[in-house]
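# A look at the structure
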Amino acid sequence: MSLSFPASRRRTVLAKLATLYADMDAAYTAAAAAAGLSCAGCAENCCVSFFQHHTLVEWLYLHKGLDALPDERRERYLERAREYVAGVREAVARGETPRIMCPLNDEGLCGVYDHRLMICRLHGVPNVLIGGMGVREFPGCGPCQRLAEANPNIKAMDRTPLLRRLAGLEMELWGGKAGRPPKVDMTLAEMMLRRPGE
Ligand code: SF4
Ligand code: SF4
């Protein structure tokens, strides 16, 4: 299956994704402020959480960020990504859920902050997703769950409209190709080491 897309379509869709990411950041900031959640000084860095990512459009945008880095820094991240993939394989072989620091994390700071993926942007606050499978609830990060225990009035953020827009961009990128875009199902490290179509 060909995963290459016309340059003009890629540019258009990635520009729209930048706007969507800005809207996600605004929604997250408002929800975090309402919950009293701040990442400043957090001892539980969530960048060790094991996530898989699902869209081609976010994969392309991640590479846009990586391509803009100085060569030496990008190579350092790619080396860490190879170590991450090996570490995940070993953890899975032991029957464990991997907890390995993201290869893009530099002492608590995200190396591709402007190009980080949706899950990195929305993870902390409690949120819900409303769809064909009903309402799915996500409790947010550990510190936010503790805030919610102390304050049951904290409302979950509805990320459904944001996710719908992301799905729409995935379809726009896909264009008139037959079928539907494949689900990516890769860790961030695996996405770093390949590009769509490779
Ligand atoms: S999202 Fe939560 S766990 Fe992650 S750094 Fe912020 S406060 Fe800490
Ligand atoms: S991409 Fe950035 S925010 Fe996301 S897990 Fe990695 S370091 Fe953390």
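For the protein chain, the name recorded in an unreviewed UniProt entry is YkgJ family cysteine cluster protein, with Solidesulfovibrio fructosivorans JJ] as its organism.

### Section: the pairing of strand β3 (residues 127-131)
Sheet topology note: the β3/strand β4 (residues 134-138) ladder contains five bridges and is antiparallel. Counted as the bridge partner of valine 128 is glutamate 137 from β4. Linking β3 to β4, which pair antiparallel, is a turn of two residues. In this sheet, strand β5 (residues 157-158) lies alongside β3 in parallel orientation, the contact comprising two bridges. Note that in β5 the partner of asparagine 127 across the bridge is methionine 157.

### Thoughts on the site of ligand 2
With respect to spatial proximity, the complete set of residues near ligand 2 consists of Cys47, Cys102, Leu104, Asn105, Cys110 and Cys120. Looking at the shell around ligand 2, its residues break down into five nonpolar, one polar and no charged.

### What to know about the site of ligand 1
Tyr28, Leu37, Ser38, Cys39, Cys42, Glu44, Cys46, Gly124, Cys141 and Pro143 make up every residue found near ligand 1. Among the residues forming the shell around ligand 1, the class breakdown is seven nonpolar, two polar and one charged.

### So, the packing of aromatic side chains
Summed over the entire model, instances satisfying the criterion amount to two aromatic pairs. Its end group placed over the ring of tyrosine 21, arginine 121 keeps NZ or CZ at 3.8 Å from the ring centre. Between arginine 159 and the ring centre of phenylalanine 138, over which it is positioned, the NZ or CZ distance is 4.2 Å.

### Points about the pattern of salt bridges
Under the criterion given, the structure shown has 13 salt bridges. For arginine 195, the salt bridge identified is with aspartate 67, shortest N-O distance 2.6 Å. Placement of the pair is arginine 195 in the segment after α7 (188-193) and aspartate 67 in helix α2 (residues 56-67), with a sequence separation of 128 residues. Overall, aspartate 67 belongs to the partly exposed group, its relative accessible area being 42%. Between arginine 82 and glutamate 75 there is a salt bridge; the shortest N-O distance is 2.8 Å. In this structure arginine 82 comes out as partly exposed when scored by relative accessible area, which is 39%. The exposure class of glutamate 75 is partly exposed, given its relative accessible area of 42%. Salt bridges sharing partners connect three or more residues here, namely Glu72, Arg76, Arg80 and Asp106.

The rules we used
- Here the residue index of a chain counts from 1 through its sequence in written order.
- Chain letters start at A and ligand numbers start at 1, both assigned in the order the entries are written.
- At least 70 in pLDDT is required for a residue's local features to be given in this predicted model, at least 80 for side-chain atom pairs to be given and counted, and no such filter applies to totals for whole chains, interfaces and linings, which use all residues.
- In computing side-chain values, all of the structure's heavy atoms are included and hydrogens and water are not.
- In short, DSSP must find at least two bridges between two strands for them to pair.
- Strands here are runs of E lasting at least two residues and helices are runs of H or I lasting at least four, both read from the DSSP assignment and numbered beginning at the N terminus.
- Being near a molecule or strand, for a residue, comes down to having at least one heavy atom within 4 Å of it.
- Amino acid classes used here: Ala, Val, Leu, Ile, Met, Phe, Trp, Tyr, Cys and Pro are nonpolar; Asp, Glu, Lys and Arg are charged; the rest, including Gly, are polar.
- Whether two aromatic rings pair depends on their centres lying within 6.5 Å, for rings of Phe, Tyr and Trp, where Trp uses its six-membered ring; planes under 30 degrees apart make the pair stacked, over 60 edge-to-face, and the rest tilted.
- We call a charge positioned over a ring when the NZ of a Lys or the CZ of an Arg lies within 6 Å of the ring centre and within 35 degrees of the ring normal.
- For this document, the term salt bridge refers to a Lys or Arg side-chain nitrogen within 4 Å of an Asp or Glu carboxyl oxygen.
- Exposed residues in this analysis have more than 50% of their type's maximum accessible area, buried residues have under 20%, and partly exposed residues fall in between, with area computed by a 1.4 Å probe over protein chains only.

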